[in-house]
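Reading the structure
Below, each chain spelled out in residue letters.
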Amino acid sequence: MLHSLQFVWNPSEGFDLGVFMIRFYSLTWVIAFILGWYITKKIFIRENEPIEKLDSLFIYTVVATMLGARLGHVLFYQSELFYQDPLSILLPIRTKPEFEFTGFSGLASHGAAIAIIITMIYFSKKIMLRPLLWVLDRIVIAVASGAVFIRLGNFFNSEIVGHETTSAFGVKFIQDFYDKRDAVMATKIAEPKEAYKAITNNPEFSQLVESVPFKHPAQLYEAIGYVFVFFILYFLYWKTEARHKQGYIFGMFLVLLWTIRFFVEFVKESQGGFETYPIFNALSTGQWLSIPFVLIGLYFVIKAKKTA
């Protein structure tokens, strides 16, 4: 018999060191990039490629990921920012309706994927001096591992949550249900961090917790799925001859990762975007954006040919 795994999720923002705070969300991004560097380093050693090129690849990938993810979010989900609050597009702030330091939030994986591919076109020709597909076949292994930690970061941030559920896997996302202002008003505690802590720790506010519905932890569903994507790609590269079939591992990455994204979208709350238009409301914005990646991936898997 399966026991319920339901729980209340109301984490702190991170490690408060007094002088500054190491936010869990930022930490997951750092872990993603560092792990990706080490994975790619092993690949470069195997391929007898200079580690100096890896350093360049790391910088290009970090910049492409962050810019692409942010611009992708704005283009696909929040295009009104171009005329309502343009400063918030690339800066960690918003100025409307009032000025607020938000950190770098609002990131779209579809935008990051497009930006990385475009960047690798330049990198492969000018720095790597290898075919584009050779480069993509190798970096997607690191990208898949990074995707796991990015979704864990979303979980820590209580963002990209799922629909309400009565299943055994439901989670009460306190910080999704109550924003900072709501938490302060409900508890009469001026500091949002302390207000959130009181909601879950102080019996006086138990009714506030009871009011929060259980929702699918969609971020964890994706993270678990991406773990399998990583191990499949890792196995294909290290234990088979797939690395000699240019485009095959890259194609498998596109098919596997975006298929997982497509199906997890069924339990996610709407993130907005063009799904709000009647012509597109049969699927979510994330699903519409995932379909082309899957089809392109299938093309590369089918067309991949073994090289010398």
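All of these numbers come straight from a predicted model, not from anything done at the bench.

This next bit is on a nonpolar patch on the surface. Residues Ile-59, Val-63, Leu-67, Leu-71, Leu-75, Phe-82, Tyr-83 and Leu-90 make up a contiguous nonpolar surface patch of about 800 Å² in total accessible area. Only α2 (51-77) and α3 (81-84) provide two or more residues apiece to the nonpolar patch. When residues in the nonpolar patch are grouped by element, the largest group, five residues, is from α2. Position of Phe-82 among the secondary structure elements: in helix α3.

Okay, the nonpolar core next. Within soluble globular proteins, side chains that are nonpolar tend to cluster in buried spots. Counting residues in each nonpolar core, the largest one holds 40 residues, and the members touching the most others are Met-120, Ile-141, Leu-233 and Ile-249. When residues of this core are traced back to their parent elements, those giving at least two are α1 (24-46), α2, α5 (109-128), α6 (132-156), α11 (218-239), α12 (248-264) and α13 (285-303). When residues in this core are grouped by element, the largest group, nine residues, is from α6. The contacts of Met-120, once residues within four sequence positions are left out, are Leu-57, Tyr-60, Thr-61, Leu-132, Val-135, Leu-136 and Ile-139. Listed in part, the eleven residues of the second largest apolar core include Ala-195, Tyr-196, Ala-198 and Leu-208.

Taken as a whole and judged by the stated rule, the model has 25 aromatic pairs. By way of ring pairs, the aromatic residues Phe-7, Trp-9, Phe-24, Phe-155, Phe-156 and Phe-173 are connected into one cluster. The cationic tip of Arg-46 hangs over the ring face of Tyr-237; the distance from NZ or CZ to the ring centre is 5.0 Å.

Those residues of helix α9 (residues 192-201) that sit buried are Ala-195, Tyr-196, Ala-198 and Ile-199. End-on, the buried residues of α9 take up no more than an arc of 160°, which puts them together on one face.

What follows deals with unusual backbone geometry. A positive phi angle, close to 55°, is found at Ser-158, a residue other than glycine. Tracing the sequence through the fold places Ser-158 in the loop between α6 and β6 (171-173). Residue Ser-158 is classed as buried on the basis of its relative accessible area, which comes to 5%. Residue Lys-188 is not a glycine yet carries a positive backbone phi of 65°.

Here α5 crosses α13 at 30°, and the two axes come no closer than 10 Å. Judged by the inter-axis angle, α5 sits roughly parallel to α13. Between α5 and α13 lies a crossing whose hand is left-handed. Here α5 contributes His-110, Ala-113 and Ile-114 to the contact with α13, which in turn contributes Gly-286, Leu-289, Ser-290 and Phe-293. For the contact of α5 with α13, a count of residues per class yields four nonpolar, three polar and no charged.

Right, let's get into α12. What sets the pattern is the α-helix's 3.6 residues per turn: residues three or four places apart point alike. The first and last C-alpha atoms of α12 sit 24 Å apart over 17 residues, in line with the 24 Å expected at 1.5 Å per residue. The buried fraction of α12 is high, at 13 of 17 residues.

Take the side chain of His-73 next. Note on placement: His-73 falls in helix α2. At 3.0 Å, the side chain of His-73 forms a polar contact with the side chain of Gln-78. Ignoring anything within four residues of it in the chain, the contact list for His-73 reads Gln-78, Gly-106, Leu-107 and Ala-108.

Below, the discussion takes up the pattern of salt bridges. In total, this model carries eleven salt bridges according to the counting rule given. Note that Glu-222 is salt-bridged to Arg-151, the shortest N-O span being 3.1 Å. Here Arg-151 lies in helix α6 and Glu-222 lies in helix α11, a separation of 71 residues in the sequence. Take Glu-222 and Arg-151: they sit in the same class, and that class is buried. A salt bridge links Lys-215 to Glu-269; the nearest nitrogen and oxygen atoms lie 2.6 Å apart. Taken together, the positions of Lys-215 in the loop between α10 (206-210) and α11 and Glu-269 in the loop between α12 and α13 put the pair 54 residues apart, joining distant regions of the chain. Given the relative accessible area of 25%, Glu-269 is considered partly exposed. Taken together, the shared-partner salt bridges in this structure form one network comprising Arg-151, Glu-222, Arg-261, Glu-265 and Lys-268.

Quick notes on the rules
- Here the residue index of a chain counts from 1 through its sequence in written order.
- Local features are withheld for residues below a pLDDT of 70 in this predicted model, meaning they are given only at 70 or higher, and side-chain atom pairs are given and counted only at 80 or more; totals for whole chains, interfaces and linings count all residues.
- Excluded from the side-chain calculation are hydrogens and water; included are all heavy atoms of the structure.
- For patch detection, residues must exceed 30% relative accessible area and be free of salt bridges, and they are connected within 9 Å for like charges or within 5 Å for nonpolar side chains (Val, Leu, Ile, Met, Phe, Trp, Tyr).
- For the accessible areas, the method is Shrake-Rupley and the probe is 1.4 Å, while residue cover comes only from the protein chains on display.
- Each salt bridge in this description consists of a side-chain nitrogen of Lys or Arg and a carboxyl oxygen of Asp or Glu lying within 4 Å of one another.
- Only runs of H or I of at least four residues qualify as helices and only runs of E of at least two qualify as strands under DSSP, and these elements are numbered from the N terminus.
- Think of a nonpolar core as a cluster: buried Ala, Val, Leu, Ile, Met, Phe, Trp, Tyr and Cys residues, connected wherever their side-chain atoms sit within 4.5 Å.
- Classification of residues uses two cut-offs on accessible area relative to the type maximum, computed with a 1.4 Å probe and protein chains only: under 20% is buried, over 50% is exposed, and between them is partly exposed.
- Two residues qualify as a contact provided that any one of their heavy atoms is within 4.5 Å of a heavy atom in the partner residue.
- Two rings belonging to Phe, Tyr or Trp (six-membered ring only in the last case) form a pair when the distance between their centres is within 6.5 Å. Interplanar angles under 30 degrees mark stacking, angles over 60 mark edge-to-face geometry, and anything in between is tilted.
- Look at NZ for Lys and CZ for Arg. If either is within 6 Å of the ring centre and within 35 degrees of the ring normal, a charge sits over the ring.
- What the arc describes is the spread of directions from the helix axis to the C-beta atoms.
- For helices, the axis comes from a line fit to the C-alpha atoms of the stretch in contact; other axes are also lines fit to C-alpha atoms, and the angle between any two N-to-C directions lies between 0 and 180 degrees.
- Angle categories: roughly parallel below 35 degrees, roughly antiparallel above 145, roughly perpendicular from 65 to 115, and oblique for all the rest.
- Note: crossing handedness is left-handed where the near helix turns anticlockwise from the far helix by less than a right angle, and right-handed where it turns clockwise.
- Each residue is assigned to one of three groups, with Ala, Val, Leu, Ile, Met, Phe, Trp, Tyr, Cys and Pro labelled nonpolar, Asp, Glu, Lys and Arg labelled charged, and all others, Gly among them, labelled polar.
- Given the number of residues in a helix, its expected span is that number minus one, multiplied by 1.5 Å.
- As used in this structure description, the phrase polar contact means that two N or O atoms lie within 3.5 Å; if the pair is within protein, one of them must be able to donate a hydrogen and the other to accept it, and residues adjacent in sequence are counted only when both atoms belong to side chains.

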